[in-house]
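Residues per chain are reported as follows:
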Amino acid sequence: MKAFVFPGQGAQFVGMGKDLYENSPLAKELFEKANEILGFRITDLMFDGTEEDLKQTRVTQPAVFLHSVILAKTMGEEFAPDMVAGHSLGEFSALTAAGALSFEDGLRLVSARAQAMQKACEVNPSTMAAIIALPDEKVEEICNGIDGVVVCANYNCPGQIVISGTMEAIDEACAKATEAGAKRALKLKVGGGFHSPCMEPARAELAEAIDHTEFHTPMCPVYQNVDALPHIDPAEIKGNLIAQLTAPVRWTQSVRRMVADGATEFVELGPGKVLQGLVSKIERGMAVSGRQ
């Protein structure tokens, strides 16, 4: 069984999607439609911008989404997943590629999400840090023992957890993780504390946009970040998407569940190779590949 997976923020690079635009009339049409919907030429920033341009959340999220979804659309009948999943932002790409959202609605929601998250970051300064080579339980214990806001945000693979929260709480958690024997406790260059209570203002704003968007039954189960379980019911998918902004990304658990449910091959669609690396660490020997 084939699982298609979709990357999140951080996978972007200058030049992403340019080959697609130049070699596929369908891709060109969809990219131009995206420029109209967004009200600025995101293609200029994707193909010829600077790394700084691409790092802005309002640009990054639609850019990664567009690269992934347009790639899936240009595959035609070759895109025939038995299951899909996406990492954080990538969940929107997975849902759109699988037909739960139209291309236009998916892009509008991603743009709304990016802007809401940017605003939340400005209102409440926060950050994230990667903790390497500590058991999940130990990282959870450290977070639970700190007074400020700090939580496990991304369960990326065994021995790699990203924590999220306020600046002071993250500093304290990094110090305690190092004391506990973490190989690294590295603060990330991100706009804010994603997938934590710091994103509550963004969650409330995005909930309204999601509530007013029509969702359909996807062509295959979508394994969602919040509970690492397969979903096809549009109402459940909506609820999980809203919860996703303040809840952890359970990627390790999602991949394991997909394998338990029969996945024998993982294909990453979109920029970079991050998910291929994570899947290989979660399920050693699994067949993984990617399309860019």
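See the structure shown above.
Participant: Please explain the pattern of salt bridges as it appears in this structure.
Facilitator: When charged atoms on two side chains of opposite charge get close, those side chains can pair. For the structure shown, the criterion picks out 13 salt bridges. The partner of E104 in a salt bridge is K33, and the shortest N-O contact between them spans 2.9 Å. Residue E104 is found in helix α7 (residues 103-123), and its partner K33 is found in helix α2 (residues 25-38); the two are separated by 71 residues along the sequence. E104 gets classed as partly exposed once you look at its relative accessible area, which sits at 24%. Measuring nitrogen to oxygen at the nearest pair gives 3.5 Å for the salt bridge that ties D44 to R41. D44 gets classed as partly exposed once you look at its relative accessible area, which sits at 40%. Assessed through its relative accessible area of 39%, R41 is described here as partly exposed. Beyond isolated ion pairs, a larger network of salt bridges with shared partners links E32, R41 and D44.

Participant: Would you mind going over the sheet that holds strand β8 (residues 230-231) with me for this structure?
Facilitator: Across a sheet, strands are paired by hydrogen bonds formed along the backbone, either parallel or antiparallel in direction. Taken together, 6 strands build an open sheet; the order of strands is β8-β7-β2-β1-β9-β10 and the sheet is mixed. What marks the edges here is a single partner per strand, and that holds for β8 and β10 (287-291). The pairing of strand β9 (residues 265-269) with β10 spans 5 bridges and is parallel. Each residue of the ladder has a partner; that of E265, found in β10, is A287.

Participant: Is there a simple way to think about the packing of aromatic side chains in this case?
Facilitator: For any two aromatic rings, the description comes down to two numbers: the centre-to-centre distance and the angle of the planes. Within this structure, the stated rule accounts for 4 aromatic pairs. Considering the side-chain rings of Y21 and F31, the 6.0 Å spacing of their centres and the 50° angle between planes classify their relative orientation as tilted. Of the two residues, Y21 sits in helix α1 (residues 18-23) while F31 sits in helix α2, which places them 10 residues apart along the sequence. Geometrically, the ring pair formed by F31 and F47 is edge-to-face, given 5.6 Å between the ring centres and 85° between the ring planes. Of this pair, F31 sits in helix α2 while F47 sits in helix α3 (residues 42-48); the two residues are 16 residues apart in sequence, bridging distant segments of the chain. Residue F31 shares its accessibility class with F47, and that shared class is buried. Through pairs of rings, three or more aromatic residues link up here, namely Y21, F31 and F47.

Participant: What is the right way to look at the nonpolar core in this model?
Facilitator: Grouped burial of nonpolar side chains is what soluble globular proteins tend to show. F31, L66, F79, V84 and L269 are the most contacted members of the largest nonpolar core, which totals 62 residues. When residues in this core are grouped by element, the largest group, 9 residues, is from helix α5 (residues 57-74). If near-sequence neighbours (up to four positions away) are discounted, F79 is found in contact with F4, F6, A72, V84, A97, A98, M219 and L269.

Participant: Quick question: what am I supposed to make of the side chain of T213 here?
Facilitator: Relative to the assigned elements, T213 resides in the loop between α10 (200-211) and β7 (222-223). Here T213 falls in the buried class, since its relative accessible area comes to 11%. A polar atom in the side chain of T213 sits 2.7 Å from the backbone oxygen of A209. Non-local contacts of T213, meaning those with residues more than four positions away in its chain, are made with L101, D105, L109 and K238.

Participant: Help me out: how do you make sense of the environment of A34 in this one?
Facilitator: Residue position: A34 is located in helix α2. Taking relative accessible area as the criterion, A34 reaches 0% and is therefore assigned buried. With 29 residues separating them along the chain, A34 and A63 place their C-alpha atoms 9.8 Å apart.

Participant: How should I be thinking about the packing of α7 against α10 in this particular structure?
Facilitator: Helix packing for two helices is described by the angle between their axes and how far apart those axes are. At a closest axis distance of 8 Å, the pairing of α7 and α10 adopts a crossing angle of 160°. Considering their axes alone, α7 and α10 lie roughly antiparallel with respect to each other. Our pair here, α7 against α10, has a crossing hand that is right-handed. Contact residues: α7 offers L109, A112, R113, A116, M117, K119 and A120, while α10 offers P201, A202, E205, L206, A209 and I210. Here the residues of the contact of α7 with α10 sort into 10 nonpolar, no polar and 3 charged.

Participant: Before we go on, may I ask you to explain the sheet that holds strand β5 (residues 160-166) in this structure?
Facilitator: Spatial ordering of the open sheet is given by β4-β5-β3-β6, a layout of 4 strands whose pairing is antiparallel. Pairing within the sheet leaves two strands with one partner each, and these edge strands are β4 (150-157) and β6 (184-187). Strand-to-strand twist across the sheet, computed as the mean angle between neighbouring axes with direction ignored, equals 25°. Sheet topology places strand β3 (residues 126-132) next to β5; 7 bridges connect them, and they run antiparallel. Bridge pairing in β5 links M128 to S164.

Participant: What exactly am I supposed to notice about helix α6 (residues 90-97) here?
Facilitator: Residue pairs three or four apart in sequence face the same way in an α-helix, which turns once every 3.6 residues. By the criterion of burial, α6 is predominantly enclosed, with 8 of the 8 residues buried. Regarding α6, the residues found buried are G90, E91, F92, S93, A94, L95, T96 and A97. A positive phi of about 90° marks G99, the residue just after α6.

Reading the values: the criteria
Residues numbered from 1 in each chain as written. Predicted model: local features only at pLDDT ≥ 70, side-chain atom pairs only at ≥ 80, totals over all residues. Heavy atoms only, no water. Salt bridge = Lys/Arg side-chain N within 4 Å of Asp/Glu carboxyl O. Helix = DSSP H or I, 4+ residues; strand = E, 2+ residues; numbered from the N terminus. Buried < 20%, exposed > 50% of the residue type's maximum accessible area, 1.4 Å probe, protein only. Pairing = 2+ DSSP bridges. Phe/Tyr/Trp six-rings, centres within 6.5 Å; stacked < 30°, edge-to-face > 60°. Core = buried A, V, L, I, M, F, W, Y, C linked by side-chain atoms within 4.5 Å. Contact = heavy atoms within 4.5 Å. Polar contact = N/O pair within 3.5 Å; in protein donor to acceptor, adjacent residues only side chain to side chain. Axes fitted to C-alpha atoms, helices over the stretch in contact; angles between N-to-C directions. Parallel < 35°, antiparallel > 145°, perpendicular 65-115°, else oblique. Left-handed = near helix turned anticlockwise from the far one by under 90°. Nonpolar A, V, L, I, M, F, W, Y, C, P; charged D, E, K, R; others polar.

Honestly, it's all geometry; don't read function into it.
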